[in-house]
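Report on the structure
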Amino acid sequence: MNIIAKSNDMNVRDLYFYTMNPMVEKMVDRAGETIEMDGWVVYDGSDSPEKVRPILCVKTSSGTYLASNSATFVKAFQDIVDLFNESADGESFTRFKVCKGVSKGGREFITCMLD
């Protein structure tokens, strides 16, 4: 497993809960909700070296872990992280809303936005 990005320094125990925890819940089940988070990790959850599939896992402020392998969601989340990292105002990214949409082809997907 390869850690692609993370919110802060983490020990082995923290990384276990983000990446191997059997109690992780699906982000899609939180569509429409605002999530307050304490941290996040993006890691390579691929089954084979030929196909890289980033997975995002966040730890909510209540201690629940939520994960998504939706490329749309992970990209939107990483774009928000990049925006905050480039900002000079020092504000932290600690809250987002899980949004559900339908593609032109009729397929449902999730993404996120600031809230």
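Please refer to the structure placed before this passage.
Residues numbered from 1 in each chain as written. Predicted model: local features only at pLDDT ≥ 70, side-chain atom pairs only at ≥ 80, totals over all residues. Heavy atoms only, no water.

Let's talk about the packing of aromatic side chains
Any aromatic ring pair is given by two values, namely how distant the centres are and how the planes are angled relative to each other. Scanning the model with the defined rule gives 9 aromatic pairs in all. Ring centres of Tyr-18 and Tyr-65 lie 5.2 Å apart, and the angle between their planes is 90 degrees; this geometry places the pair in the edge-to-face category. In this pair, Tyr-18 is assigned in helix α1 (residues 12–19) and Tyr-65 in strand β5 (residues 65–68), connecting sequence segments 47 residues apart. Of the residues examined, Tyr-18 reaches a relative accessible area of 5% and is grouped as buried. Taken together, the ring pairs connect Trp-40, Phe-73, Phe-77, Phe-84, Phe-93 and Phe-96 into an aromatic cluster. (Phe/Tyr/Trp six-rings, centres within 6.5 Å; stacked < 30°, edge-to-face > 60°. Helix = DSSP H or I, 4+ residues; strand = E, 2+ residues; numbered from the N terminus. Buried < 20%, exposed > 50% of the residue type's maximum accessible area, 1.4 Å probe, protein only.)

So, the nonpolar core
Among the nonpolar cores identified, the biggest contains 20 residues, and Val-58, Phe-77 and Phe-96 are the most heavily contacted of them. At the level of elements, β3 (34–44), β4 (54–60), α2 (71–86), β6 (95–102) and β7 (108–114) are the ones that each hand at least two residues to this core. A total of 7 residues in this core trace back to one element, the largest contributor, which is α2. Counting residues in hydrophobic clusters, the runner-up holds 8 residues, among them Tyr-18, Tyr-43, Cys-57 and Ala-67. (Core = buried A, V, L, I, M, F, W, Y, C linked by side-chain atoms within 4.5 Å.)

Points about the side chain of Thr-60
By the secondary structure assignment, Thr-60 is in strand β4. When neighbours within four sequence positions are excluded, Thr-60 is seen to be in contact with Ile-35, Glu-36, Met-37, Asp-38 and Leu-66. (Contact = heavy atoms within 4.5 Å.)

Some words on the side chain of Ser-68
Looking at where Ser-68 falls in the secondary structure, it is placed in strand β5. Polar side-chain contacts of Ser-68 include one of 3.1 Å to the backbone nitrogen of Ser-70. In contact with Ser-68, not counting residues within four places along its chain, are Met-27, Pro-54, Ile-55, Leu-56, Phe-73, Val-74 and Ile-110. (Polar contact = N/O pair within 3.5 Å; in protein donor to acceptor, adjacent residues only side chain to side chain.)

Quick word on the environment of Ser-61
Relative to the elements of secondary structure, Ser-61 occurs in the loop between β4 and β5. Judged by relative accessible area, Ser-61 falls into the partly exposed class, the value being 47%. In the structure, Ser-61 is positioned 24 residues away from Met-37 in sequence and 5.0 Å away in space, judged by C-alpha atoms. For Ser-61, the contacting residues outside a window of four places in its chain are Glu-36, Met-37 and Asp-38.

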